[in-house]
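Summary of structural features
Take a look at the letters that make up each chain.
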Amino acid sequence: MIRVNLVPRELLDKEVQRQRMTQAAVVGAIGLVIVLFLSAAHWYRATKTEGELAELNKKYDKLAKIVAQVEELEKTANAVKIRLGVINGLLKGRALYPWFMTDLQSTLPPGVWMTSLTTAAKEPNGLTVTIGNATANSSDGVSQWLRNFAASGKFAEPKLSAIAVTDKGDSKEYSFSIGTIYENPRLK
């Protein structure tokens, strides 16, 4: 049997065109739904991230305040440590000069005397000593004083200047100067 289509070709083309438009509309609607879904997912993720950022900023602000307080306390603690170090140094050094004078006097032999004495602090627990004018009745007094410095263990590196001898009638006077370093083991 032979079939003959009596529907005009234009109507068939219009029907095919309408069918293709429906298919395109369905595909477009699906595409639009996908775009809307992805946009909603991105919007949700952005909103959630902004909320987390706001929460983290609040925590950061709290921690920044704590860090500022800690830094201030560390500055205060360092200032207190410095003051404590100064106080301890003064307490240790307070007895330095009385001990020094006692130790120096114990080294001084009979017949020897000083007319000038200069000291300068030497870290950590000592003094640089310069005895500018010393006088002795005999050369044995000068040598005995140097031996006493060495024997004491508290005076190091004594340096004797040239000795000037002055004739005083029936006696002689020996003038000299000494430089040394005093270290007190009691302050260590």
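Here is a short report on the structure shown in this document. (Residues numbered from 1 in each chain as written. Predicted model: local features only at pLDDT ≥ 70, side-chain atom pairs only at ≥ 80, totals over all residues. Heavy atoms only, no water.)

Considering the side chain of D103
When you line up the elements, D103 lands in helix α2 (residues 96–107). For D103, the side chain forms a polar contact with the side chain of K154, separated by 3.3 Å. (Helix = DSSP H or I, 4+ residues; strand = E, 2+ residues; numbered from the N terminus. Polar contact = N/O pair within 3.5 Å; in protein donor to acceptor, adjacent residues only side chain to side chain.)

Some words on the pattern of salt bridges
Counting across every chain of the model gives three salt bridges. As a salt-bridge pair, R18 and E15 come within 2.4 Å of each other at their nearest N and O atoms. Taken as a pair, R18 and E15 lie in helix α1 (residues 9–94) at a separation of three residues, close to a single helical turn. Where D103 meets K154, a salt bridge forms, and the shortest distance between an N and an O atom there is 3.3 Å. Highlighted residues: D103 in helix α2 and K154 in the loop between α3 (139–152) and β3 (155–160), separated in sequence by 51 residues. (Salt bridge = Lys/Arg side-chain N within 4 Å of Asp/Glu carboxyl O.)

Some points on the side chain of T107
Relative to the helices and strands, T107 is located in helix α2. Classification of T107 as buried rests on a relative accessible area of 2%. Among the polar contacts listed, one links the side chain of T107 to the backbone oxygen of L104, at a separation of 2.7 Å. Sequence-distant contacts of T107, that is, excluding residues within four places in its chain, are made with W145, N148, F149, S152 and F155. (Buried < 20%, exposed > 50% of the residue type's maximum accessible area, 1.4 Å probe, protein only. Contact = heavy atoms within 4.5 Å.)

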